[in-house]
Amino acid sequence: MLLRELAADASGVAAEEVTVTAVCVRCGAEHGRPELQWPDTAGPPPNVTLASCSGLVVAALAPPGVPVGVDVEPRRASLGREPMRRADLAMVLGGPSRSAVRRWVRAEAVLKADGRGLRVDPGAVVVRGRLARVGGEPTPYRIVDRRIAGCLVSVAVGPVPR
C-alpha cells in the first residue's frame, strides 16, 4: 500500500492502477525486490525499494532506470529474538565493531540498489564518504543516512543512466 501511494503521489497515476510485485530471482517466490506496474500510457514506473524494522517501514522511489536500495535496522541490531552482536557484524564486514550496524545498513542498501542483494558478500561494499562501490566495480552509489525512531536508515542511489 505504501509503495502504491508513493508512486501515485509522484506520478499522478491513480493508486488503484499501480500494482506491486515481488518475485525472487532465485526461487520465483513472492519475496523478492518490489517492482511497480501501471498503465503503459503512464510511461515506465519508478524503481522502488522497501525495508522495515521495529514498527518502522521505509520506502524510496527513484526515476525509471535509476537503481535505488534502502535498509533499516535498530541501532541495537538483532536477528529475530537473538541479539546480533556488533562483533559478529564486524567479522562479516571487517573494520571496527563500534560502527558495524551502520556499515551493515549501508552495505545492504547498496546491494539492494545493485540488484544482487545478499548474494554478494556485504564485506565487498566499500564506502568512502557518501559514495559506495561493490568491490572494484566502477558503478558508484550515493548514500544518505538517517536515524529515525531508534533505527538506522540508509538509502543508496545509483547513477542516472545516460
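Refer to the structure printed above.
Summarised in this report is the structure supplied together with it. This structure is a prediction, so every number in the text was calculated from the model and none was measured.

**Concerning the overall build of the protein**
Along its length, the protein carries three helices and eleven strands. When its helices and strands are written in sequence order, the protein yields α-β-β-β-β-β-β-β-α-α-β-β-β-β. For 162 residues, the compact-globule formula gives about 15 Å, and the C-alpha radius of gyration of the protein, at 16 Å, lands near that figure. With the principal axes as the frame, the protein shows a C-alpha extent of 50 × 35 × 30 Å. Taking the contacts inside the protein whose residues are at least 6 apart along the sequence as the reference set, 40% of them involve residues at least 24 apart. With an accessible surface of roughly 9,500 Å², the protein has 53% of that area assigned to carbon and sulfur atoms. For the protein, the distance from the average site of its 22 positive side-chain charges to the average site of its 16 negative ones is 12 Å.

**A short note on the nonpolar core**
Counting residues in hydrophobic clusters, the biggest one holds 20 residues, and the most contacted among them are Val 110, Val 125, Val 134, Tyr 141 and Ala 156. Listed by contribution, the elements that provide at least two residues to this core are α2 (86-93), α3 (100-114), β9 (131-134), β10 (141-148) and β11 (151-157). When residues of this core are assigned to their parent elements, the largest contribution, nine residues, is made by α3. Core analysis: the second largest hydrophobic core is formed by 13 residues, Val 66, Val 68, Val 153 and Val 155 among them.

**Considerations on the pattern of salt bridges**
Here the structure, examined in full by the defined rule, presents six salt bridges. Across the salt bridge formed by Arg 102 and Asp 145, the nearest N and O atoms sit 3.5 Å from each other. Note that Arg 102 is positioned in helix α3 and Asp 145 in strand β10, a separation of 43 residues in sequence. Between Asp 114 and Arg 116 there is a salt bridge; the shortest N-O distance is 2.5 Å. Residues joined in a network through salt bridges with shared partners are Arg 102, Arg 106, Arg 130 and Asp 145.

**Some words on the layout of surface pockets**
Empty space within the largest pocket amounts to approximately 590 Å³. Breaking the lining of the largest pocket down by element, the ones donating at least two residues are β1 (19-22), β2 (34-37), β3 (47-53) and α3. Considering every element that reaches the lining of the largest pocket, the biggest residue donor is β3, with three residues. Of the residues assigned to the lining of the largest pocket, the class counts are nine nonpolar, six polar and seven charged. Empty space within the second largest pocket amounts to approximately 170 Å³. Taken together, Leu 93, Arg 103, Arg 106, Ala 107, Pro 122, Gly 123, Val 125, Val 126, Val 127 and Arg 128 form the lining of the second largest pocket. Of all the secondary structure elements, the ones that give two or more residues to the lining of the second largest pocket are α3 and β8 (125-128). Of the residues forming the lining of the second largest pocket, the biggest block, four residues, is contributed by β8. Across the lining of the second largest pocket, the residue classes break down as six nonpolar, one polar and three charged.

**Some thoughts on the environment of Gly 115**
Following the sequence through the fold, Gly 115 ends up in the loop between α3 and β8. When the C-alpha atoms of Gly 115 and Arg 146 are compared, they prove to be 22 Å apart, with 31 residues separating the residues in sequence.

Rules of the game
Residues numbered from 1 in each chain as written. Predicted model: local features only at pLDDT ≥ 70, side-chain atom pairs only at ≥ 80, totals over all residues. Heavy atoms only, no water. Helix = DSSP H or I, 4+ residues; strand = E, 2+ residues; numbered from the N terminus. Rg over C-alpha atoms; globule rule 2.2 N^0.38 Å. Contact = heavy atoms within 4.5 Å. Areas by Shrake-Rupley, 256 points an atom, 1.4 Å probe, with all protein chains shown as cover. Lys, Arg positive; Asp, Glu negative; His and termini not counted. Charge placed at Lys NZ, Arg CZ, Asp CG, Glu CD. Core = buried A, V, L, I, M, F, W, Y, C linked by side-chain atoms within 4.5 Å. Buried < 20%, exposed > 50% of the residue type's maximum accessible area, 1.4 Å probe, protein only. Salt bridge = Lys/Arg side-chain N within 4 Å of Asp/Glu carboxyl O. 1 Å grid on protein atoms, 1.4 Å probe; cavity = no way out; pocket = protein on both sides within 12 Å on 5 of 7 lines; lining within 4 Å. Points joined across faces, edges and corners; volume = space filled by probe spheres on them. Nonpolar A, V, L, I, M, F, W, Y, C, P; charged D, E, K, R; others polar.

Function cannot be inferred from these measures alone, as they are strictly geometric.
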